[in-house]
Amino acid sequence: MTAASKQHASTKESNYLTAGYGVRSWLLTVDHKRIALLYLISLTTFFSVGGLFAVLIRLELLTPQGDLFQSETYNKLFTMHGIFMVFFFLVPSIPAVLGNFFLPLMIGARDVAFPKLNLLSWYVYAAGGLVTLFAMFAGGVDTGWTFYAPYSSTYANSHVILAALGIFITGFSSILTGVNFIATTHRMRAPGLTWMRLPLFVWANYATSLIMVLGTPVIAVTILLVAIERLLHVGIFDPALGGDPILFQHLFWFYSHPAVYIMILPGMGVMSEIVACFTRKRIFGYKIVAMSSLAIAILGFLVWGHHMFVSGQSMYAGFVFSLLSMLVAVPSAIKVFNWTATMYRGSITFATPMLYALGFIGLFTIGGLTGIFLAAMALDIHVHDTYFVVAHFHYVMVGGMVMAYLGGLHFYWPKMFGRMYHEGLAKVAAVMIFIGFNLTFFPQFLLGYLGMPRRYHVYDEDFQVLNVLSTAGASVLGLGFALPICYLIFSLKFGKKVGDNPWDAAGLEWTISSPPYEHNFHEIPEVTEEAYDYGKREAARV
Amino acid sequence: MFEDFTLFPEAASTVAGGIDRLYFFLIGMTTFAVAGILSALILFSIRYRRRPDRAAQQIDGSVPLEIIWSAIPLALWVFIFGWSAKLYLEIHTTPSEGMTYFVTGKQWMWKIQHPTGQREINTMHVPRGEVVILKLVSEDVIHDFFVPAFRIKQDVLPGTQYTTIWFEATKVGTYDLFCAEYCGTKHSEMIGSVVVMDPADYQAWLDGQPAGQDPVDAGRVLFENLRCVTCHDAGSGQRGPDLSGRFGRPTSLSDGRTVLFDESYVRESILEPKRRLSAGYQPLMPTYTGQVTDTQINQLIAYVKSLANSDVAPKGGDADGGNGQ
Ligand SMILES: [Cu+2]
Ligand SMILES: [Cu+2]
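Everything numeric here is computed off the predicted structure, so don't read it as measured data.

Caption draft 1: Structural detail: the domain arrangement of chain B. All names here are of chain B. According to the domain assignment, chain B contains domain 1 (99-207) and domain 2 (215-306). Computed over C-alpha atoms, the centres of domain 1 and domain 2 are 26 Å apart. On the domain 2 side, the residues contacting the 15 residues of domain 1 number 15 residues. Here domain 1 and domain 2 share an interface that buries about 1,200 Å² over both sides, 47% of which is from carbon and sulfur atoms.

If you want it as structure tokens, here you go:
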């Protein structure tokens, strides 16, 4: 990038971390980078809470009998695990942390379009999180994260309203972030940075933001309707009151299927950045990869009925949803092929972020293809609501999204804090996570086809061997996740200091200091080249 | 824990084989694709690892390649769609002849009523080689009737509508029945078994049961006791439709639509008579919600159904198959 050399200033200059001290300077900050760190801390907290629940679930499932918890408790554990992981970790994760931090840097802006709105979105998120935490301490909720009516609206005796209120509130933070990113991408790009020069991470977050803005209001309305039925006994979903339980499922999945893409698209964006940097190449088929993000965002709204093949939905609706679900898999496949092709004739190195990227490609491929099993209606009859589904979405959400999140965190860590983590430990953790993950979730595919239903506290003895394997895997996975939390925190003080561009990566974010100055760019850079301009760097190296 | 260890479920219904074939095809596809991607990743990782003397070659992309690797998966997946849709249509289309069982789910048990009136809880005896049609309904929340060995699963909804599922068992044995839709505290204990017997054994088993009241007779008695007869009798005619010869055939509604006069429609008419009114009649009938049990509704349905059989009118099936929506 041409403006790179001009950005160097005296090293004494304060960066965004040293620009202010004290709690006030953090809680009232409008700096997108500081807000990203606020999110990083809160998201890590919720991830840990959700992870703790997962550990308890896996411990209980070590034996077929319900010997560790009561059924009520077990049901609350998997519900709270789902709620925290989906709404308070996976949905915000990459946009709120890496998106907030790097979207403005990547497009050469000094902040997002609406910095105060950005801070507000964190407060809204935190408020929603606190309400849901309060619901947890008050006794928890046992409806499953899917809140199916009429169980949630009439029969459940747990804190449904309170937990739902937390999710309702948090939804607004998604909407605010989405609006902010859309406006930022449209209005704040540096001169010369045309749409077709944008890094793919920006494209992915842009597509994600569209879904957030269009989809989230629907889940808000759905939650509101459950609350109205529960509190005022107006018949909406409960047939005993004259309602329709299938209506709930339509509304819920109209948001929650696109939400799957809210959770995975930003991860795909991170993937493109990492793969380009560590192969020293422009992403193969840049335009196709960018457009496939938009295609996913649009098609993703048309497939929700694939969650309802055995619900009593019309058979003809089922045909349409099944066919469209097959179509939406194509843009995802295109991305996988293009990342793989990017490695062809590259100059590949294998630092930690690249290990996560390779893991992502493998696991996401399995996660995506097992989605075809579920989109095939006849087969879905058998595996619907079994562990096959559990395994499938964990391959996409953990094998895909969490891998990408960790890869991105390791990739951008030196830029965010100016210090490098311990590479050896990081590689050990990456390998542990990969092995632990597969050991945890692969047996669950087999369990599902054998017929073990999900959300079962006690289960048939035939299923025990595979459950023991899964729990063994979960313990490796848990340790793998604990490791980065330790060495990353450790690196903040003791990590080796790095320069502005430790990976020799292309992109405006790597032209400024590490950690970045408070206002990112002294001069707004002018962009004259395509994204991923690694050719010159390679020519200089050889 | 190892003695019962298995990686593949038993297959004991006529549709299981077809679903397993699709499953193995998809496993083949997945294995092939994952192996392909993995080999490429490993090959490229070794072949194109960084070397001091070789620069990465910048490649923009390739339109022919993009077309190939979009078109091949697309074609394959549309093929899989066609295959699975055909199979789904088969599974979803209920045969017109069969033994109709009524199954009621409630937190947390399954109540089963045989065609001949015998009742069971959580266990369901069926003869091998016969089409068994289940009319499913819930008394409270959504449940789901799942028999892995038969590869069938159907949500069980509360309200006026039955969902329908059918199977034909091919092997004598005892098979797990699970509730697959999360339904509250003891969801995982809402389990039971389906016992498949040779037809003769099944008959012997039936004979050994306390003789259930014949559902048609019981329904006839109810029809009189609940005074249904005053409006729906063949003679009176004016206040409510005559019910003979109606079951299994389309019937027109007062709003101009047509509905299949089936189990769900009878159940709905008893519980919510004003929702879908027969053409030509006033909304005079009161609701019987709370006055009749599910068992009694089943008996009334059996009686109304018998009116169709006693009539010379051609007997219709549950033509739309599926779920009675
Ligand atoms: Cu979906
Ligand atoms: Cu149930």
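Caption draft 2: Expanded view of the coordination of the copper ion (ligand 2). All names here are of chain B. In this structure, His143 (ND1), Cys179 (SG), Cys183 (SG) and Met190 (SD) serve as the protein donors to the copper ion (ligand 2), at separations of 2.1 to 2.5 Å. Between the four donor atoms coordinating the copper ion (ligand 2), the angles at the centre fall across 85 to 124°, so the site counts as tetrahedral. Each donor residue of the copper ion (ligand 2) lies on the same chain, and together they follow the pattern H-x35-C-x3-C-x6-M. Note that His143 is positioned in strand E6 (residues 143-147) and Cys183 in the loop between strand E9 (173-179) and strand E10 (191-197), a separation of 40 residues in sequence.

Caption draft 3: Representation of the coordination of the copper ion (ligand 1) in the model. All names here are of chain A. For the copper ion (ligand 1), every protein donor is listed as His257 (ND1), His306 (NE2) and His307 (NE2), and the spread of their distances is 1.7 to 2.0 Å. Each donor residue of the copper ion (ligand 1) lies on one chain, and together they are spaced H-x48-H-H. On the criterion of sequence distance, the pair formed by His257 in helix H9 (residues 245-279) and His307 in the loop between helix H10 (286-299) and helix H11 (315-343) is long-range, its members being 50 residues apart. For the pair formed by His257 and His307, the shared burial category is buried.

Caption draft 4: Up close: the packing of aromatic side chains. For the coordinates displayed, the defined rule picks out 75 aromatic pairs over all chains. On the basis of an interplanar angle of 90° and a centroid distance of 6.5 Å, the ring pair of Trp203(A) and Tyr206(A) is categorised as edge-to-face. Taken together, the residues Trp203(A) and Tyr206(A), both in helix H8 (residues 200-232) and three residues apart, mark about one turn of the helix. Taking the relative accessible area as the measure of exposure, Tyr206(A) reaches 11% and is therefore buried. Across from the ring centre of Tyr162(B), 5.1 Å away, lies the NZ or CZ of Arg267(B), which sits over that ring.

Caption draft 5: Region of the structure containing unusual backbone geometry. Backbone torsion omega between Ala149(A) and Pro150(A) reads 0°, so that peptide bond is classified as cis. Position of Pro150(A) among the secondary structure elements: in the loop between helix H5 (115-137) and helix H6 (151-155). Here Gln107(B) and Trp108(B) are connected by a cis peptide whose omega angle stands at -5°. Considering the arrangement of structural elements, one finds Trp108(B) in the loop between strand E1 (99-106) and strand E2 (109-113). Unusually for a residue other than glycine, His233(A) sits at a positive phi of about 55°. Along the polypeptide, His233(A) turns up in the loop between H8 and H9. Of the residues examined, His233(A) reaches a relative accessible area of 55% and is grouped as exposed.

Caption draft 6: Structural detail: the interface of chain B and chain A. Facing 88 residues of chain B, the contacting portion of chain A comprises 94 residues. When chain B packs against chain A, close to 8,100 Å² is buried across both sides, 68% of that on carbon and sulfur atoms. At the boundary of chain B and chain A, one finds one salt bridge. The salt bridge partner of Asp60(B) is Arg282(A), with a shortest N-O separation of 2.9 Å. Our count for the contact surface shared by chain B and chain A stands at 27 residue pairs in polar contact (both at pLDDT 80 or more). Broken down by secondary-structure element, the contributors of at least two residues to the side of chain B that touches chain A are helix H1 (16-47), helix H2 (63-92), E6, strand E7 (152-156) and E9 of chain B. Element by element, the count of residues in the side of chain B that touches chain A is highest for H2(B), at 17 residues. Counted by class, the side of chain B that touches chain A contains 50 nonpolar, 19 polar and 19 charged residues.

Caption draft 7: Representation of helix H4 (residues 215-225) of chain B in the model. Residues and elements named next belong to chain B. Those residues of H4 that fall on the buried side of the exposure criterion are Pro215, Ala218, Gly219, Leu222 and Phe223. The arc enclosing the buried residues of H4, seen along the axis, measures out at 140°, which places them on a common side. At the exit of H4 stands Arg227, carrying a positive phi of roughly 65°.

Caption draft 8: Summary view of the sheet that holds strand E8 (residues 163-168) of chain B. Residues and elements named next belong to chain B. The strand order E3-E2-E1-E5-E8 describes an open sheet built from five strands, whose pairing is mixed. The two strands at the open ends of the sheet, each matched to only one other strand, are strand E3 (119-121) and E8. Strand-to-strand twist in this sheet, taken as the mean axis angle between neighbours without regard to direction, amounts to 25°. Looking at chain direction, E1 and strand E5 (residues 131-138) are connected through seven bridges and run parallel. Each residue of the ladder has a partner; that of Met99, found in E5, is Val132.

Caption draft 9: Broad picture of the confidence of the model for chain A. With 98% of its residues at a pLDDT of at least 70, chain A reaches an overall mean of 93. Confidence over residues 1-10 of chain A falls short of pLDDT 50; this stretch has 22 contacts with residues more than four positions distant or in other chains.

Caption draft 10: Just the pattern of salt bridges, in detail. All names here are of chain B. Enumeration according to the criterion identifies 22 salt bridges over all chains in this entry. In this structure, Glu90 engages Lys86 in a salt bridge whose closest nitrogen and oxygen atoms are separated by 4.0 Å. Of this pair, Glu90 and Lys86 both sit in helix H2, four residues apart, which is roughly one turn of that helix. The exposure class of Lys86 is exposed, given its relative accessible area of 58%.

About the cut-offs
Residues numbered from 1 in each chain as written. Chains lettered and ligands numbered in written order. Predicted model: local features only at pLDDT ≥ 70, side-chain atom pairs only at ≥ 80, totals over all residues. Heavy atoms only, no water. Domains from an automatic or database assignment. Contact = heavy atoms within 4.5 Å. Buried area = accessible area lost by both parts, 1.4 Å probe. Donors = N, O, S within 2.8 Å, 3.2 Å for Na, K, Ca; no water. Tetrahedral: all angles 85-135°; square planar, octahedral: opposite > 155°, others 65-115°. Helix = DSSP H or I, 4+ residues; strand = E, 2+ residues; numbered from the N terminus. Buried < 20%, exposed > 50% of the residue type's maximum accessible area, 1.4 Å probe, protein only. Phe/Tyr/Trp six-rings, centres within 6.5 Å; stacked < 30°, edge-to-face > 60°. Lys NZ or Arg CZ within 6 Å of the ring centre and 35° of its normal. Salt bridge = Lys/Arg side-chain N within 4 Å of Asp/Glu carboxyl O. Polar contact = N/O pair within 3.5 Å; in protein donor to acceptor, adjacent residues only side chain to side chain. Nonpolar A, V, L, I, M, F, W, Y, C, P; charged D, E, K, R; others polar. Arc of directions from axis to C-beta. Pairing = 2+ DSSP bridges. Axes fitted to C-alpha atoms, helices over the stretch in contact; angles between N-to-C directions. pLDDT = per-residue confidence, 0-100.

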